[in-house]
Amino acid sequence: MFKSIESRLTKLQVSITIDGKIYDVPKGQSVAAVILQLGLNSFRKTPVSGKSRGPFCMMGVCFDCLVVIDGLPDQQACMTVVRDGMNIRRQQGSAELFSLSDISQGTEE
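Residues numbered from 1 in each chain as written. Predicted model: local features only at pLDDT ≥ 70, side-chain atom pairs only at ≥ 80, totals over all residues. Heavy atoms only, no water.

1. Some words on the environment of Val-34
Examined against the element boundaries, Val-34 turns out to sit in helix H1 (residues 31–37). Separated by ten residues in sequence, Val-34 and Asp-24 place their C-alpha atoms 10.0 Å apart. Look past the residues within four positions of Val-34 in its chain and what remains in contact with it is Ile-16, Val-25, Gln-29 and Val-82. (Helix = DSSP H or I, 4+ residues; strand = E, 2+ residues; numbered from the N terminus. Contact = heavy atoms within 4.5 Å.)

2. Quick notes on the pattern of salt bridges
Taken as a whole and assessed by the stated rule, the structure comprises three salt bridges. Between Asp-64 and Arg-44 there is a salt bridge whose closest N-O contact spans 3.0 Å. Placement of Asp-64 in the loop between strand S4 (52–53) and strand S5 (66–69) and of Arg-44 in strand S3 (residues 44–45) is noted, with a sequence separation of 20 residues between them. Across the pair, exposure class does not vary: Asp-64 and Arg-44 are buried alike. (Salt bridge = Lys/Arg side-chain N within 4 Å of Asp/Glu carboxyl O. Buried < 20%, exposed > 50% of the residue type's maximum accessible area, 1.4 Å probe, protein only.)

3. Notes on the side chain of Arg-44
Looking at Arg-44, the relative accessible area reads 12%, which means it is buried. Within the structure, Arg-44 has its side chain in polar contact with the side chain of Asp-64 (distance 3.0 Å). Not counting residues within four places of it along the chain, the set of residues in contact with Arg-44 comprises Lys-51, Ser-52, Arg-53, Phe-63, Asp-64, Leu-66 and Gln-91. (Polar contact = N/O pair within 3.5 Å; in protein donor to acceptor, adjacent residues only side chain to side chain.)

So, in structure tokens, the structure goes:
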């Protein structure tokens, strides 16, 4: 359904992980664009009904593209550019809350 428009930039690749699977993807694209191009339309599940959500506006307004990036929940996939080594998980329900001290000590799970 979604595909990249070829350009010189799409020739450069970075390696990212989505839900435990490694992908080589075009450098310079948003996380949301990459996930859509991979055919993964469900970015998160709502905390109330458990229904799937995906990007609607692609400009940071709707918050339907929230994912977990490098262990931090509620990150807007449409506003985040992929970078090499990025670890992305599709978010299930509301974010798990943890303290800032957990992050600095590396104890979040």
